[in-house]
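Working through the structure, step by step
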There are 2 protein chains.
Amino acid sequence: MRIVVLAGGIGGSRFLLGVRAEAGRDSQQNGDSAEPVTAIINTADDVTLHGLRICPDLDSVMYTLGAGIDPERGWGRAKETWTVKDELAAYGAEPTWFGLGDRDIATHLIRTRMLDAGYPLSAVTEALGERWRPGVKVLPMTDDRVETHVVVADDDKGTNRRAMHFQEWWIRHHAELRAEKFVPTGAEDASAAPGVVAAIAAADVVLIAPSNPVVSIGTILSIDQIRTALAQTSAPVIGLSPIIGGAAVRGMAEKCLPVIGAEVSAAGVARLYGARRDGGLLDGWLVDETDAGTSVDGIEVRAVPLWMTDVDTTAAMARAALDVAQEVGKRA
Amino acid sequence: MRIVVLAGGIGGSRFLLGVRAEAGRDSQQNGDSAEPVTAIINTADDVTLHGLRICPDLDSVMYTLGAGIDPERGWGRAKETWTVKDELAAYGAEPTWFGLGDRDIATHLIRTRMLDAGYPLSAVTEALGERWRPGVKVLPMTDDRVETHVVVADDDKGTNRRAMHFQEWWIRHHAELRAEKFVPTGAEDASAAPGVVAAIAAADVVLIAPSNPVVSIGTILSIDQIRTALAQTSAPVIGLSPIIGGAAVRGMAEKCLPVIGAEVSAAGVARLYGARRDGGLLDGWLVDETDAGTSVDGIEVRAVPLWMTDVDTTAAMARAALDVAQEVGKRA
């Protein structure tokens, strides 16, 4: 069973833990050699700070699947220290608001050095993966530079506008500045990274992780080649709602959805993604039991527990998604 | 009194502590406003590792004068940690032999970023100095890239040769590979950094720190403009021997001197530098009391205690050098 997952950072990482577990169980039961899961990861949160190229979502995925993540914080390395960050601040070097851990910096140094030497991000990601052995094929959505910028109102009347990097809006300003627009800068000219289109074309199922539908999944979908591949694949596309009972499970999806005029609800996200038969993304959609009764035209909706409390419950979510895929697949 | 000091890293830093103290005392006694001491620092040990531009001598000087140095190790920051270094090694990223501390890395990140942005090393050094306030005008010998490479015999018979960066020879191989030659790569085309020639021209005295005469002072002298400025200045040039009783006080001068055919002795180093009246560097030369009786044609030699055990003894060395300068100055 060839599973492709589109995912962002923290939520996506946790979901991938469940998918990996379920895929392993599945291949054992069927006596298959395990096809690695392919994870296509948002890179539009990437940012260069202090000369270091930082890929928050790729790193969250790599550290989580490689058991290097700080499980409580949900991002960055376990047993992290912050010496370099403190020293940079002592020099007055801006910015000081980004959580740049010492262990993490080693990753960024290697990545920056490889990128400067001309390696594409996908090759860097593979090289870093040799240490972390994520057990999942981790692909950046693109090797090109795409960065989400946020247009915010700059005064009380909202007559002046300025743009800032998503990380600045998210981390420095805690998403408290009124956003008017998210712009995935560079997406128009970006190609899918090597392997991405082929993986989607060859997939038995495509899962949309319960990640931020605007700035994680939304930016992955802003790459033309990926959107086209998803429209053309024969694999069913099944999503999992990041919204449970009207609030984001994690992260700030509820701050992002209204900006693009989408409803903060499980149904709202499904409608944002759209039904595949109408030119949208989804064949199936999992909502939490809290949202049982949700229905969206043209999409097979199923209510199951969607809290990723541990690997077992998350694997059960993945199982439920695969089951929906099988059903809609049969019907097709 | 305008004092210019040519210096390398660890020994040079300690010497500068003494010079700074003595210069301060001197200006107080004479009611002068304190002219800052100008230190011209070797940059040929500089190296780029893991994408970071590292300037060991400039950093030793900056940290020592700014009270940030590890006083026991003599290089790098006090209370240093090594998390990034360990993580880079866990990735298998080479090289692993360089002492890259976490606190130190902040310095290198800022320097690398500024250099990448087009600032010359002298401007970077000044910017970093805003934090450390060394109380001395610290100038790199050049803004151009000069790196000492070491040609070593690569087999027992010494028939094959290879070149490596000085840091690799010094730190990785503990200077144990038989060196045949030191090459200050890039020195031929290098200009003195802004302010260097003017400082030498305007100096009342030029002091040569008891630094490695081959790879620290020697490389500073390998810059044409600096050698010419020293030949032309009206200021007396007084050196302090880094060799006491036939052994280097610190560092590995005794490994470097024989490579260039110089004698490992206080007199040997003086002869290497040469008498100014014969087209060499020195008007005066301080040797340790152990080496009393040393004489070198054309150079005023004086024996005084040369162990830099604390700032007071080091300031007394500086005082003795200034006294010799005054004497040879009068005679001229």
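Residues numbered from 1 in each chain as written. Chains lettered and ligands numbered in written order. Predicted model: local features only at pLDDT ≥ 70, side-chain atom pairs only at ≥ 80, totals over all residues. Heavy atoms only, no water.

1. Some details on the interface of chain A and chain B
Inclusion rule: Note on definitions: a residue-residue contact is assigned when non-hydrogen atoms from the two residues lie within 4.5 Å. Summed over both partners, the accessible surface that disappears when two parts come together, traced with a 1.4 Å probe, is what is meant by buried area. Salt bridge, as used here, is a side-chain nitrogen of Lys or Arg placed within 4 Å of a carboxyl oxygen of Asp or Glu. By the criteria applied, helices consist of DSSP H or I runs no shorter than four residues and strands consist of E runs no shorter than two, each listed in order from the N terminus.
Chain A puts 26 residues into the contact, and the matching count from chain B is 26 residues. Together, the buried faces of chain A and chain B total about 2200 Å²; carbon and sulfur atoms form 64% of this surface. Sorting the residues of chain A by area buried against chain B places Tyr91(A), Leu109(A) and Arg131(A) first, and these three jointly supply 31% of that buried surface. On the surface where chain A and chain B come into contact, there are six salt bridges. For Glu87(B), the salt bridge goes to Arg103(A), with nearest N and O atoms at 3.2 Å. Within the residue set of the side of chain A that touches chain B, elements represented by two or more residues are helix 2 (56-65), helix 3 (83-90), helix 4 (102-116) and helix 5 (121-132) of chain A. In terms of residue count, the dominant contributor to the side of chain A that touches chain B is helix 4 of chain A (eight residues).

2. Quick notes on helix 1 (residues 10-29) of chain A
Residues and elements named next belong to chain A. Here is the rule we go by: Expected helix span is computed as 1.5 Å times (number of residues minus one). When accessible area is computed with a 1.4 Å probe and restricted to protein chains, residues below 20% of their type maximum are described as buried, those above 50% as exposed, and intermediate ones as partly exposed.
An ideal rise of 1.5 Å per residue puts 28 Å on 20 residues; helix 1 measures up with 29 Å between its terminal C-alpha atoms. Where helix 1 is concerned, the buried positions are Gly11, Gly12, Ser13, Phe15, Leu16, Gly18, Val19, Glu22, Ala23, Asp26 and Ser27. Tucked into the core, helix 1 has its buried residues touching strand 1 (3-7), strand 2 (37-41), helix 2, strand 9 (205-208), strand 10 (237-240) and helix 12 (311-331).

3. Overview of the packing of helix 1 of chain A against helix 2 of chain A
The axes of two packed helices give the description: the angle between them and the distance between them. Residue and element names in this part refer to chain A. The following threshold applies: A fitted line through C-alpha atoms serves as each axis, taken over the contacting stretch for helices, and the angle formed by two N-to-C directions is quoted from 0 to 180°. A clockwise turn of the near helix away from the far one marks a right-handed crossing, whereas an anticlockwise turn of less than a right angle marks a left-handed crossing. Under the scheme applied, nonpolar residues are Ala, Val, Leu, Ile, Met, Phe, Trp, Tyr, Cys and Pro; charged residues are Asp, Glu, Lys and Arg; polar residues are all the others, including Gly.
Closest axis-to-axis distance for the helix 1/helix 2 pair is 8 Å, and the angle between their directions is 40°. The hand of the helix 1/helix 2 crossing is right-handed. Together, Ile10, Ser13, Arg14, Leu16, Leu17 and Arg20 of helix 1 and Ser60, Val61, Thr64 and Leu65 of helix 2 make up the contact between the two elements. When its residues are assigned to classes, the contact of helix 1 with helix 2 shows five nonpolar, three polar and two charged.

4. Describing the packing of aromatic side chains
Selection criterion: Note on aromatic contacts: the rings of Phe and Tyr and the six-membered ring of Trp form a pair at centre separations within 6.5 Å, being stacked when their planes are under 30 degrees apart, edge-to-face when over 60 apart, and tilted otherwise.
Counting across every chain of the model gives 18 aromatic pairs over all chains. A centroid spacing of 5.3 Å and a plane angle of 65° characterise the contact between Tyr63(A) and Trp132(A), whose relative ring orientation is edge-to-face. Note that Tyr63(A) is positioned in helix 2 and Trp132(A) in helix 5, a separation of 69 residues in sequence. Take Tyr63(A) and Trp132(A): they sit in the same class, and that class is buried. Between Phe166(B) and Trp169(B), the ring centres sit 6.0 Å apart and the planes meet at 40°, which makes this aromatic pair tilted. In this pair, Phe166(B) and Trp169(B) both sit in helix 6 (residues 166-172), three residues apart, roughly one turn of the helix. An aromatic cluster is defined as three or more aromatic residues linked by ring pairs; in this entry it consists of Phe166(A), Trp169(A), Trp170(A) and Phe182(A).

5. Concerning the sheet that holds strand 10 of chain A
All names here are of chain A. Applied cut-off: A strand pair is defined by DSSP finding two or more bridges across the two strands.
Read from one edge to the other, the open sheet built from seven strands follows the order 5-2-1-9-10-13-14, with strand pairing classed as parallel. Only two strands of the sheet have a single neighbouring strand rather than two, namely strand 5 (136-140) and strand 14 (300-303). Here the strands of the sheet are splayed against their neighbours by 20° on average, with no regard to which way each runs. Note that strand 13 (residues 284-287) and strand 14 share four bridges and pair parallel. Directly across from valine 287, in strand 14, lies its bridge partner alanine 303. Across the sheet, helix 2 lies against strand 2 and strand 5, angled at about 170° from strand 5, the strand it touches most. Against the sheet, helix 11 (residues 266-273) makes contact with strand 9 and strand 13, and its axis sits at roughly 160° relative to strand 13, the strand it touches most.

6. Focus on the relation of the copies chain A and chain B
Rules: For the least-squares superposition of copies, only C-alpha atoms count, and only for residues with pLDDT at least 70 in both.
Superposing chain A onto chain B takes a rotation of 180° plus a shift of 0.0 Å along the axis, which leaves an RMSD of 0.0 Å. The two molecules are tied by a two-fold rotation axis, judged by turn and shift. No C-alpha of chain A approaches the rotation axis more nearly than that of Asp102(A), which lies at 3.6 Å. With an isologous cut-off of 70% or more, the 100% of interface residues of chain A that recur at the interface of chain B puts this contact in the isologous class.

7. Quick notes on the packing of helix 4 of chain A against helix 3 (residues 83-90) of chain B
Heads up, the rule is: Each angle receives one of four descriptions, namely roughly parallel if under 35 degrees, roughly antiparallel if over 145, roughly perpendicular if within 65 to 115, and oblique otherwise.
Interhelical geometry of helix 4 of chain A versus helix 3 of chain B gives an angle of 50° and a closest axis separation of 8 Å. Relative to helix 3 of chain B, the element helix 4 of chain A is oriented oblique. Considering how the two elements wind past one another, helix 4 of chain A and helix 3 of chain B form a crossing that is right-handed. Contact residues: helix 4 of chain A offers Asp102(A), Arg103(A), Ile105(A), Ala106(A), Leu109(A) and Ile110(A), while helix 3 of chain B offers Thr83(B), Val84(B), Glu87(B) and Leu88(B). Split into classes, the residues belonging to the contact of helix 4 of chain A with helix 3 of chain B amount to six nonpolar, one polar and three charged.

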